[in-house]
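# A structural walkthrough
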Amino acid sequence: MTNYFHSVTLEEEKCRGCTNCIKHCPTEAIRVRKGKATIIKERCIDCGECIRVCPYHAKKAVTDPFSVMSEYHFKIALPAPTLYGQFGQEFSRERILRGLLGFGFDWVFEVARAAEIVSDATRQIIKTDNVKKPVISSACPAVVRLIQVRFPNLIKNLLKIESPMEVAARIAKHTISKEKNIPSNKIGVFFISPCAAKVTSVKAPYEKKESFVSGVFSMKDIHIKLLEKMKNIPQDYDCDLVSSGAYGVGWAGSGGECNALETSRSLAVHGIHNVIDIFEEIVEDRLNDVDFVEALSCTEGCLGGPLTVVNPFVARTNLKWQIGNAKKNGFSYENTAADYQDLLWTKDMEYKPILKLDDNMMKAMMKMQKLEEINDGLPGLDCGACGSPRCRSLAEDIVRGLAFETDCIFKLREKVSDLADQMKALEHIYKPKTED
Amino acid sequence: MSSIIKKEYDIPANDFSLAGEASSNVRKLLTQLGVNPTIIKRTSIAMYEAELNVVIHGNGGKARVEIFEDKIEIFVFDEGPGIEDIELAMKEGYSTAPDSIREMGFGAGMGLSNIKRNSDKFVLESEPNKGTRVYITIYLY
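Scope of this entry: the structure provided in the associated data block. (Residues numbered from 1 in each chain as written. Chains lettered and ligands numbered in written order. Predicted model: local features only at pLDDT ≥ 70, side-chain atom pairs only at ≥ 80, totals over all residues. Heavy atoms only, no water.)

### Topic: the overall build of chain B
Within chain B, the secondary structure is distributed over 5 helices and 5 strands. The order of α-helices and β-strands along chain B, N terminus first, is β-α-α-β-β-α-α-α-β-β. Rg of the C-alpha trace for chain B: 14 Å, near the compact-globule value of 14 Å for 141 residues, within the 12% margin. The dimensions of chain B, computed from C-alpha atoms along their principal axes, are 40 × 30 × 25 Å. Taking all 141 residues of chain B together, 52% fall into the buried category. (Helix = DSSP H or I, 4+ residues; strand = E, 2+ residues; numbered from the N terminus. Rg over C-alpha atoms; globule rule 2.2 N^0.38 Å. Buried < 20%, exposed > 50% of the residue type's maximum accessible area, 1.4 Å probe, protein only.)

So this is what it looks like as structure tokens:
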């Protein structure tokens, strides 16, 4: 179903049925059943935590193969600013962008530039009074999905502006279509992504019917080849592909989006479990003095994305150097978001109440009562051996009819011991009469 | 009519890091029941404030939550110093929280009025040296 397209998928033959992934999933979307992990599609937010923790690399992010480029007449690369953090100081932004042309792209447009436009619009929006504060960034699609399934009360806090990726795709397409007189459908725009969630947001966008992005390539697939291609480009190479200033480049790391807003009334949180903590504070009105929250699913922000290559902390240092350079070049960005109305989402987001036990509240209450009862009888070790992440989630699965109490090895042992006792009792009653 | 679901939570004294655990738990519960998000929000704000009062002023206590077919009842109580002048305590901005707590961003004197605002029924019982009891009712529909 297109409704539930996910980039994060399981390679069953590699899965050994261990419980690493179920314990780390922030929406409890994974179960191990019959010795293999299964992803509950309705719950998955494509954060990629499971990709990171799987010791057997059985979880992967589906991205597009390079061959999809051949379907288009004019091809444009949209590198996420995260890409700049993947290389050391000998690789300037000019070299990286020029290197990308070596993949067969006709042009490169920096997503970092679009990020600056988004920041510009955000600055204007948080100044107005008709938005729910704190405004929560919608740049990270995993976070947006998290809100959609777990924090319905925060939907109205979401910044309903298209992501830098979408804005970049739109600008790139329009620019080329106008300049070269090529019809839009012949122009392919390809995002070079640090994460799985971006793939999902292209294939199954939440905020509008169709994405402007034609395909998504994994940063991992590009990395080594790009290094090769950059070798032939001189270190002091200069080109006009660079269009973003320091703010846009900084977006790749945690705190970058906040920085660009130039206000102290902002908060940056990264790592999906930290994000959940902050969201709980917002829901309970505990977060004061903050107008804007930048929330990124990965540790260190996009630099820690599951499709990146370099350690996120190393990448941060690399990025710092790129930001410094961008400042030195003194790029002043013109105010292109003066009218941000056309950047707004065209479709509102709906709450997906995937956690509820039943559509009928009375029935849900009866199930909850049963759930509590079962949960009280479970050992409370949260060992995961049953295939559910916690004892409570096993109780939930049982109530939903998806698991049995004896999936718990402690419960099973009790039952076996009971059976043994019963057999012993039977043996006593029906002792065979022997002649002796 | 008896309640369908009953939960009890311990509220620790003076530990801010644990304040909010009970209300957060209740929020998850209500989400699983499919309760309207606005009602969930009201419940968790009211309960969090009541919890926080027990942490700051009450020397720790307990919260009992009962869910009925049509309402949630929350009973939060402590055996702390109690409130001398309830009417005054209900005033917005009135607070007896020491400076150390105000410096942490708590104790702005909005707690009780915040509970009242978010609940459908709110009863406060207290006497000096006999603790404080807060009864909150929120209707599900």
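Past the structure itself, the notes keep going.
### Re the side chain of Glu49 of chain A
Position of Glu49 of chain A relative to the elements: it lies in helix H2 (residues 49-53). Among all residues touching Glu49 of chain A, those that are not within four sequence positions of it are His24, Pro26, Ile272 and Ser297 of chain A. (Contact = heavy atoms within 4.5 Å.)

### Observations concerning the pattern of salt bridges
Close approach of charged atoms allows side chains of opposite charge to pair. Residues and elements named next belong to chain A. According to the stated counting rule, one finds 32 salt bridges over all chains in the structure shown. The partner of Arg113 in a salt bridge is Glu116, and the shortest N-O contact between them spans 3.0 Å. Of this pair, Arg113 and Glu116 both sit in helix H4 (residues 111-127), 3 residues apart, which is roughly one turn of that helix. Glu116 carries the same exposure label as Arg113, and that label is buried. Across the pair Asp120 and Arg123 runs a salt bridge whose closest N-O atoms are separated by 3.2 Å. Of this pair, Asp120 and Arg123 are both found in helix H4, 3 residues apart, which corresponds to roughly one turn of the helix. (Salt bridge = Lys/Arg side-chain N within 4 Å of Asp/Glu carboxyl O.)

### Regarding empty space enclosed by the protein
Over the atoms, a rolled probe matching the size of one water molecule traces out where space is still vacant. Residue and element names in this part refer to chain A. As enumerated under the stated definition, the model contains 7 cavities of 30 Å³ or more in all. Space inside the largest cavity adds up to approximately 330 Å³. Ala139, Pro194, Lys198, Leu296 and Cys302 are the residues nearest the centre of the largest cavity, which is lined by 29 residues in total. Broken down by secondary-structure element, the contributors of at least two residues to the lining of the largest cavity are H4, helix H5 (141-150), helix H6 (164-180), helix H7 (196-203) and strand E11 (292-296). With 3 residues, the top contributor of residues to the lining of the largest cavity is H7. Grouping the amino acids of the lining of the largest cavity by side-chain chemistry returns 21 nonpolar, 4 polar and 4 charged. (1 Å grid on protein atoms, 1.4 Å probe; cavity = no way out; pocket = protein on both sides within 12 Å on 5 of 7 lines; lining within 4 Å. Points joined across faces, edges and corners; volume = space filled by probe spheres on them. Nonpolar A, V, L, I, M, F, W, Y, C, P; charged D, E, K, R; others polar.)

### Quick notes on the environment of Val216 of chain A
Tracing the chain through its elements places Val216 of chain A in strand E9 (residues 215-218). Sequence-distant contacts of Val216 of chain A, defined by excluding residues within four places in its chain, comprise Thr63, Asp64, Phe191, Ser193, Val199 and Val202 of chain A.

### Some thoughts on the sheet that holds strand E10 (residues 266-270) of chain A
Residues and elements named next belong to chain A. Read across the sheet, 3 strands follow the order E7-E11-E10 without closing on themselves; strand pairing throughout is parallel. Of all the strands in the sheet, the pair left with one neighbour each is strand E7 (135-136) and E10. Relative to E11, E7 is paired through 2 bridges, and the arrangement is parallel. If you follow Val135 over to E11, its bridge partner there is Phe292. (Pairing = 2+ DSSP bridges.)

### A closer look at the packing of helix H13 (residues 361-377) of chain A against helix H1 (residues 21-33) of chain B
Relative to each other, H13 of chain A and H1 of chain B sit at 130°, their axes nearing to 8 Å. Accordingly, the angle class assigned to the pair H13 of chain A and H1 of chain B is oblique. Between H13 of chain A, through Met361, Ala364, Met365, Met368 and Glu372 of chain A, and H1 of chain B, the contact on the second element is made entirely by Leu29, Gln32 and Leu33 of chain B. Partitioned by chemical class, the residues of the contact of H13 of chain A with H1 of chain B number 6 nonpolar, 1 polar and 1 charged. (Axes fitted to C-alpha atoms, helices over the stretch in contact; angles between N-to-C directions. Parallel < 35°, antiparallel > 145°, perpendicular 65-115°, else oblique.)

### Things to note about helix H11 (residues 272-283) of chain A
With 12 residues, H11 of chain A extends 16 Å between its outermost C-alpha atoms, agreeing within 8% with the 16 Å of an ideal straight helix rising 1.5 Å per residue. Immediately beyond the C-terminal end of H11 of chain A, within one or two residues, lies Asp285 of chain A, with a positive phi of roughly 60°. (Expected span 1.5 Å × (residues − 1).)

### Describing the interface of chain A and chain B
With 23 residues of chain A at the interface, the matching set in chain B holds 26 residues. Buried area between chain A and chain B, both sides added, is near 2,300 Å², and the carbon and sulfur share of it is 57%. Broken down residue by residue, the surface that chain A buries against chain B is led by Glu284, Met361 and Met365 of chain A, which jointly contribute 28%. Our count for the contact surface shared by chain A and chain B stands at 4 salt bridges. Linking Arg27 of chain B and Glu284 of chain A is a salt bridge whose minimum nitrogen-to-oxygen distance equals 2.9 Å. The interface formed by chain A and chain B contains 11 residue pairs in polar contact (both at pLDDT 80 or more). Contributions of two or more residues to the side of chain A that touches chain B are made by H11, H13 and helix H14 (391-399) of chain A. Among the residues forming the side of chain A that touches chain B, the class breakdown is 12 nonpolar, 2 polar and 9 charged. (Buried area = accessible area lost by both parts, 1.4 Å probe. Polar contact = N/O pair within 3.5 Å; in protein donor to acceptor, adjacent residues only side chain to side chain.)

### A few points about the side chain of Glu49 of chain B
All names here are of chain B. Here Glu49 is to be found in helix H2 (residues 37-56). It turns out Glu49 is buried and unbridged, and the closest side chain with the opposite charge, Arg117, is 7.3 Å from it. With sequence-adjacent residues up to four places away left out, Glu49 is seen in contact with Gly111, Asn114 and Ile115. (Lys, Arg positive; Asp, Glu negative; His and termini not counted.)

### Concerning the pairing of E11 of chain A
Residue and element names in this part refer to chain A. Here E11 lies mainly inside the structure; 5 of its 5 residues are buried. As paired elements, E10 and E11 share 5 bridges and run parallel to each other. Counterpart to Leu267 in the pairing with E11 is Val293. Where the polypeptide runs from E10 across H11 and back to E11, its parallel neighbour, the crossover connection is right-handed. (Right-handed = clockwise from strand over helix to strand, strands pointing away.)

### With respect to the nonpolar core
Counting residues in each nonpolar core, the largest one holds 72 residues, and the members touching the most others are Ile76, Leu78, Ile96, Leu100, Phe191 and Leu226 of chain A. Among the elements that line this core, the one with the most residues is H4 of chain A, at 9 residues. Leaving out residues up to four positions away in the same chain, Leu100 of chain A has contacts with Ala77, Pro79, Leu83, Phe105, Val108, Ile192, Ile222 and Leu226 of chain A. Ile11, Ala46, Val55 and Ile101 of chain B belong to the second largest nonpolar core, which has 55 residues in total. (Core = buried A, V, L, I, M, F, W, Y, C linked by side-chain atoms within 4.5 Å.)

### Remarks on helix H8 (residues 219-231) of chain A
Residue and element names in this part refer to chain A. Over its 13 residues, H8 runs 18 Å from end to end, which matches the ideal 18 Å to within 8%, given 1.5 Å per residue. Residue Lys225 marks the point of greatest curvature in H8, where the axis turns by about 30°. Along H8, the positions that sit buried rather than exposed are Met219, Ile222, His223, Leu226 and Met230. Buried residues along H8 sit in contact with helix H3 (93-101), strand E8 (187-193) and E9. One side-chain oxygen of the residue at the start of H8 lies 3.1 Å from the amide nitrogen of Lys220, identifying that residue as Ser218. (Bend = angle between axes of the 7 residues up to and from the residue.)

### Some words on the packing of aromatic side chains
Residues and elements named next belong to chain A. Evaluated as defined, the whole model comprises 11 aromatic pairs over all chains. Ring geometry for Phe151 and Phe279: centres 5.5 Å apart, planes at 80°, overall edge-to-face. On the criterion of sequence distance, the pair formed by Phe151 in the loop between H5 and H6 and Phe279 in helix H11 is long-range, its members being 128 residues apart. Taking the relative accessible area as the measure of exposure, Phe279 reaches 0% and is therefore buried. These aromatic residues form a ring-pair network of at least three members: Phe66, Tyr72, Phe103, Phe105, Phe190 and Phe217. Seen from the ring of Tyr84, Arg93 lies directly overhead, with NZ or CZ sitting 5.7 Å from the centre. (Phe/Tyr/Trp six-rings, centres within 6.5 Å; stacked < 30°, edge-to-face > 60°. Lys NZ or Arg CZ within 6 Å of the ring centre and 35° of its normal.)

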